[in-house]
Amino acid sequence: MERVSQDGAAPDGEDGEQATSWMMKHSRSEDGEVALTPGCTPSRTTSRGGAADISTDMMAYKLSERLVKEDKSKRESGPHGGTSEGQAEGVDPERDAPSVSPSSLMDTCDPSISSLSSSSSSSSSHFFSRHRTNPSSSSPSSSVLTSPLLPAVELSARLTDTKMTLDVYLRGAAELPLLWGSIPGQLRGLQYLRLGSEDKAGLDGALDVLHHLAALRSLAIRGHRFYDSQGDPLPGLLTTLPTSISSLSHLVHMDLSFNQLSCLPACLLNLPMLSTLLLCHNRLSALPPDIGRLSSLIYLSLLGNELVSLPSSLGQLKALQTLDVSHNLLQQLPDEIGSLEELVKLKLCHNKLRQLPESMGSLLLLRELVIYSNDLHLIPHCLSKLPLLKIDVRDNPLGKPPVPPPLPPTPDQAKTKIPELHLAFNQQSFCVSSAGCHVFLPGGAELVFPPGCLVKITRLEWAERRPERELVWLEEHDILLSRPLELRPHGVTFLKPVEVCVPYHRPKKREVVVRRFDGQSWSTLPTNLRSGSDSHSSHPGGRPARLACCLVSHFSWFMAVSRPVKDSCCVTLAGALLVSSSDPGIKLHFPPVSTVQTRTITLQVLQVSVSEVQVLCGDPQTRVSPLICLSQTPSMDFLQPVKVQVPLPPGVTGHTVDMSCLHLLHGDPTAQTWTDITPQVSLYVTHLYAIFYITHFSWYWLWYTTRSCVSGMVRKVYQRLKQFKVQFFILQRKTDPSQVLLQCLPANKVEGRVQSLSEQYDGPQPSDLCDLLEGEQFFAGFERGLDINTDRPDCVEGRLSFVFYSSLKNLKEVYVCPAQGQKEPVRGQVSFYRGEIPSNLPEEVARKRKGLDSQWLATLPLRLPALNSENSFIMEELQYPPLNLGDPESGYLTEANLLSISLQIGQDWRVIGICLGLSYQELDHIQYKHRDNLGALVLDMLFHWAGRQRTAGAVSRLVAAMMESGRRDLADEIEDIVNIGRRKYLESLRRVGLEAESSSPGESTAVDGPTLGADG
C-alpha cells in the first residue's frame, strides 16, 4: 500500500482535489467502437505529473487512425466482421491513460457522449483535427457560418451517421420529436444521443420519442450546458424518466448529471447492458435496495448528491470497477462493499466518514482509494495488505483523538455581547473602549471592533470621500462599486484586527474585493462577502446591504472594487492543472519540467457578449469565446509548451467549424495591441473546445469570423467593449430653478433615475448616447449668460469636474445664476467635455460643441426666470399662455372649448401636432415632460402651438390640421363652435343698435381667422 501524506501530492501525480479519474472500456460491438467514459468531478486547481500532454495527443491521434481502420474493415467484412455485442474488457486506467482522446482528457466535467469516439471516419477527423492549415480538418458542409438557432443549422451538424448532438444549442431537445416526425428512418439506427435538460417542454417531447430509438447505446441528458444573463449555469429540469426507457435493451452508457433527480428512476434497473451510469450533481438522498440488479455496471458516479448511506445490495455489483460517491453526506459504508471484487478505484472524498469497514481488505484489485476531507482518525490495518493500493488521506484527523462536542456556554459568556452604535450623517466621530463596539455607519457600512483591540477609550472619525483619481486605482477591467471610506486617525494601531465592511452594488459574475490606499500605494485585501445586519438603522424594514469585509490593523482609505474572477495556482517541477472557477471549460495544463523554480500563475476570464461584438464589428456571423488574461510571477517563458483549452465560440462545434475562419488573437495589455498568431501556434479543435500550446503568458482571445484584417478589428472592438453608453441630463428644482442637478448615468439607468426625481425636478430630456470609460474624467461648462457658484473645490473658472464610475451616482448640485448684467430671463446651455478641466478653455472650443471637436460630449439647454429689482428670481406660477385666437367680431375659442377638444384628441396628438407645424424635437420634449399624463400632454401641445400664433387664420389652420390628420369630427366641432360664437356676438350688437353697417343677413360665416369662441 502506498499512502499519500497530507503534505504531499499523490504518487501518481494526481491531486486529490482534481477528481479526473478515467476508465476506458473497450466494448467492441458490431460497429467496432471504443467507448471512453470519464468521471464527473468539480475540478479546480491541481498538480499533475505523469506523461506530457503532447505525447497523449499523439496517442489519441493514433487511436483515431485505428478507429478509422477498424471502421473500414468492419464495412468490408460485412455484418459478421465485429465481435459479438456485450463482450467487454476492463482496461487498467493508469497503464492505458495516454490512449484517451484529447477531448475526453480535457473535458473532466463533461463525462457524457462527447467523450465517446465516433464510429465514422468523418467524425473522427473532426475530433482529432489538429492543424488549421489542413483543409481536410473541416467537413465540406461547414464552410458557411450559421446562426446558433437550430432551424439555421444544417442537419449534418447535428446528425452524423449514428451520433446526434442536441445539447450545443439552447432548447435543442425540442428538435428530436420534429426530426422523428420527418426522418424516422435515419433515427432508428441512432446509437449516440446528447440532450440538454434546461427546457422542460422540449425535454418532455424528447423523452416521449426515446423508446423508438431501439439501437441506442449511449444517452446523455445533462443540465449546466448554458448560462443565464447573470452568468449562472441553467439547471437541468429532469426529475424522472418514463418507464418506456427500459425498452432500450442495448443501452450501455447513460449520463443524467446536473439535474433534479431525487430518486433513481426505476426503469434504469431494467437495462441489462448498462455498464456506465453517471448521476453527478442531482438530489439523490438514497439508492434503491435493488440496485444490485445492474449486474453489468462497470462505472458508477454519484458525485455531488445528498446520500447519507449506501444500501447493502451495492455489494451485488460484481462487475463494478470504479465507484465515485464523493461530495455527499456519508457517515459510514456498508460491510458489503468488500464484495466488489472487481473494484479498481473508490472515491469517498468530502464526506463525513468516521471509519472504514474491515471488509475493504477483500478488495484485492483496488488500486486507488481517495478518502481525503473526511473525519477519519484511523486507517484499517487490512488496507496495508494491498500492495498496489494508493491512498489519499489528506485533511483527515489521523492519529488524533476524536474532538468532543463543544461545551454549552457559561452564563457569563452567554451574556457577553459587543455594544452597538448607530451613527447619523452628522456624526462624523465616535468613541471605542476596550470592550469593543459594533459601529453602523450611514449608508450601510459597518465597523466591528472586537473586545481588547484598544487599551483605552479612543476617539475615531469616518468620512465618505468623493472618488477622486488620487484616491482610486483601477486595474484593467476593474469597476468601482463604492465611494472611498476614510477612517481616521491613520496612525492608530489596533491590538486585534478590526473588521471593516464596505457596502457595494452587486456585480454580474465578477469577484468583489476591498482595495486599500495608505496614502502612497494601493493594495488588495483578502475579502469576505456577507449581508449586513438586519438591525442596521439605515435599512429599517428593508433588505440589508451587501458588504465586502476585510480585517485591518490600522486605518486608511477603503473601497469596494469588482474585477474578473481570479484563479491562481503554484506550478512546480511536477507540473499542474489550473481550471477557471467562472468557466470550468477553460483549463491550463502545465506538463512536468515546464519550470525549474516555483511560479504563481493567475488566470482571469472576461465573458464577452457575442451580440454586442456582432454590432460593433458589423458582422452578424462573428462569434467569440471568453477573453482569457494570463499572468505569472516571476515573468519568463516556460521550458515546455503549456496546453490551453478554451470553449469554441457559441454556435460553433467541431463538426461545423471552418478552420480558415478560426483566429487566435494575442493581446498586449501594455501596448493595447492585438496580433493574429494562428499561423504560429498548434491549434486544433474537439467537439466543444479549441486547444493550443503557448510558452508566453498574456491575453488570448478566440474569434470565429469571415472578416479579414482581424487584428485591427479586434483592437477596435476591444476598445469599444470597455466603454459604457452614457447619457447626461440637467434638472432644475421646481421650487427654485436656480438649484440645478447635473448627472451622468449609464443609459440603462437613466429612465428610472429621472422618474424618481420627477416630483422635485424638471428639465430637458436626457442627451444622446455618449461613450465613457470606467474612471474617465470629464467636466461641464455653463455658457450663454449662465454662471455658477465658484466656491466648490472641483470648480475651476466656472467649470465642474466629474469622474465617471458606472456603479456610482456621477452627479453634482449647484446654484446657477445669470451672468453679470443679465436682467431678463436667461436661455443658456451646459456643455460636457471629455478630459480634465483646462486651466483656460479656448474661446473657439467653448463655441464649438458639435462636429469635429473631440472634447465635446453633449450640450443641453437651461432656462432661468428674470430678476426683479432686488436681484431675486421672479417666481411665477406655471400657467398656459392666453389663447386670444380671433376676435369678438369673427368669434373665438375659449379655454373650455379647447379643453373639450383636447379630451377627444387622445393618441392622435402627435399626428395633429405635426400637421400644426410643430417639430419632432418639440413633440419629443413635450412627450418626455408629460410621459405619464396623456391629458396634460395634449393640452401642452395645443397651448404650445397657440402661444406662437401672432397672425390671422390660426383657427383655420387648426381646422385644416384636424382634417389632414383624419379627425373630421373635431374639425366640424371647431367650425360649429366658431359659428355659434359669431352669431351670438352679432345678435348682441343688434340688440344694442351697434351692428356695423357692413354687416348683412347674407354675410358669410366662413371661418377666416383665429377665434377665441364662446361656450357652445
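Residues numbered from 1 in each chain as written. Predicted model: local features only at pLDDT ≥ 70, side-chain atom pairs only at ≥ 80, totals over all residues. Heavy atoms only, no water.

**Describing helix α5 (residues 175–182)**
What counts, and what does not: The rule is simple: take the accessible area with a 1.4 Å probe, protein chains only, and divide by the maximum for that residue type; under 20% is buried, over 50% is exposed, in between is partly exposed. What counts as a helix is a DSSP run of H or I of at least four residues, what counts as a strand is a run of E of at least two, and both are numbered from the N terminus. Throughout, the arc means the angular range of directions from the helix axis out to the C-beta atoms. Whether two residues touch is decided by their heavy atoms; if any such pair falls within 4.5 Å, the residues are in contact.
Among all positions of α5, only E175, L176, L179 and W180 are buried. One face of α5 carries all of its buried residues, which in axial projection span an arc of 140°. Residues L178 and G181 are exposed on α5 and point more than 90 degrees away from its buried face. The inward-facing, buried residues of α5 contact β6 (163–166), α6 (184–187), β7 (192–196) and α7 (200–210).

**With respect to the side chain of Q632**
Going by this rule: Think of a polar contact as two N or O atoms within 3.5 Å of one another; within protein, one of them needs to be a possible hydrogen donor and the other a possible acceptor, and neighboring residues in sequence only count if both atoms come from side chains.
As for its placement among the helices and strands, Q632 is situated in strand β34 (residues 627–633). Engagement of the side chain of Q632 in a polar contact is seen with the side chain of R599, the distance being 2.8 Å. Not counting residues up to four positions away in its chain, the partners in contact with Q632 are R599, T600, I601, F638 and F697.

**Points about the sheet that holds strand β45 (residues 777–783)**
This is how the line gets drawn: At least two bridges found by DSSP between two strands is the condition for calling them paired.
Strand order in the open sheet formed by 5 strands is β47-β48-β45-β50-β51, and the pairing between neighbours is antiparallel. The sheet is open, and its two borders are formed by β47 (795–796) and β51 (856–864), each paired with just one other strand. Sheet topology note: the strand β50 (residues 826–834)/β51 ladder contains 8 bridges and is antiparallel. Across the sheet, residue Y833 finds its bridge partner in β51, namely W856.

**Considering the packing of aromatic side chains**
We apply this condition: Aromatic pairs are defined between Phe, Tyr and Trp rings, using the six-membered ring for Trp, whenever the two ring centres lie within 6.5 Å; interplanar angles under 30 degrees are classed as stacked, those over 60 as edge-to-face, and all others as tilted. Charge-over-ring placement is defined geometrically: NZ (Lys) or CZ (Arg) within 6 Å of the ring centre, and within 35 degrees of the ring normal.
Scanning all chains against the criterion turns up 23 aromatic pairs. Relative to F638, the ring of F590 has its centre 5.6 Å away and its plane inclined at 45°; by these criteria the two rings are tilted. A residue pair is termed long-range when its members are at least 10 positions apart, and F590 in strand β31 (residues 587–590) and F638 in the loop between β34 and β35 (642–647) qualify at 48 residues. For the residue pair F590 and F638, the accessibility class agrees, reading buried in each case. Following the ring pairs from residue to residue traces out a cluster consisting of W674, W699, W701, W703 and Y718. Lying over the aromatic face of Y372, R394 brings its terminal NZ or CZ to 4.9 Å of the ring centre. Between K812 and the ring centre of F802, over which it is positioned, the NZ or CZ distance is 4.1 Å.

**Observations concerning the confidence of the model for the protein chain**
For clarity, the threshold we go by: Scored from 0 to 100, pLDDT records how confident the predictor is in each individual residue.
Averaged over every residue, the pLDDT of the protein chain is 77; the share at 70 or more is 74%. Overall, residues 5–65 carries pLDDT values under 50, and its contacts beyond four positions in sequence, including any with other chains, amount to 205 contacts. Within the model, pLDDT remains below 50 along residues 74–152, and this stretch shows 207 contacts once partners closer than five positions in the same chain are excluded.

**Focus: the nonpolar core**
As a rule of thumb, nonpolar side chains are buried together in soluble globular proteins. Spelled out, the test is: Think of a nonpolar core as a cluster: buried Ala, Val, Leu, Ile, Met, Phe, Trp, Tyr and Cys residues, connected wherever their side-chain atoms sit within 4.5 Å.
If you look at the biggest cluster of nonpolar residues, it comprises 73 residues, and the most contacted ones within it are M254 and L369. If you list the elements that add at least two residues to this core, you get β6, α5, β7, α7 and β8 (218–222). A per-element tally of this core places α7 first, with 5 residues. Ranked by size, the runner-up nonpolar core spans 34 residues in total, among them L588, V644, C661 and I677.

**Here's the deal with the pattern of salt bridges**
Applied cut-off: Should a side-chain nitrogen of Lys or Arg be within 4 Å of a carboxyl oxygen of Asp or Glu, the pair is scored as a salt bridge.
Counted by the stated rule, this structure contains 25 salt bridges. Linking D255 and R222 is a salt bridge whose minimum nitrogen-to-oxygen distance equals 2.9 Å. Taken together, the residues span a long stretch of sequence, with D255 in strand β9 (residues 253–255) and R222 in strand β8 at a distance of 33 residues. Comparing D255 with R222, the two get one shared label, buried. The salt bridge involving R488 is made with E461; its shortest N-O contact spans 2.8 Å. Of the two residues, R488 is situated in strand β22 (residues 485–488) and E461 in strand β20 (residues 458–464); the sequence distance between them amounts to 27 residues. Overall, the relative accessible area of 31% leaves E461 in the partly exposed class.

**What to know about the packing of helix α9 (residues 610–617) against helix α10 (residues 710–721)**
Think of two packed helices as two axes; the pair is described by the angle between the axes and how far apart they sit. The line we're drawing: Angles here are taken between N-to-C directions and fall from 0 to 180 degrees, while the axes themselves are lines fitted to C-alpha atoms, restricted in helices to the stretch in contact. Each angle receives one of four descriptions, namely roughly parallel if under 35 degrees, roughly antiparallel if over 145, roughly perpendicular if within 65 to 115, and oblique otherwise. Note on convention: the crossing is left-handed when the near helix lies turned anticlockwise from the far helix by less than a right angle, right-handed when the turn is clockwise.
As a packed pair, α9 and α10 sit with axes 10 Å apart at the nearest point and diverge in direction by 120°. Taken together, α9 and α10 sit at an angle that is classed as oblique. The chirality of how α9 crosses α10 is right-handed. Contacts from E612, V613, L616 and C617 of α9 reach α10 at M713, V717, R720 and L721.

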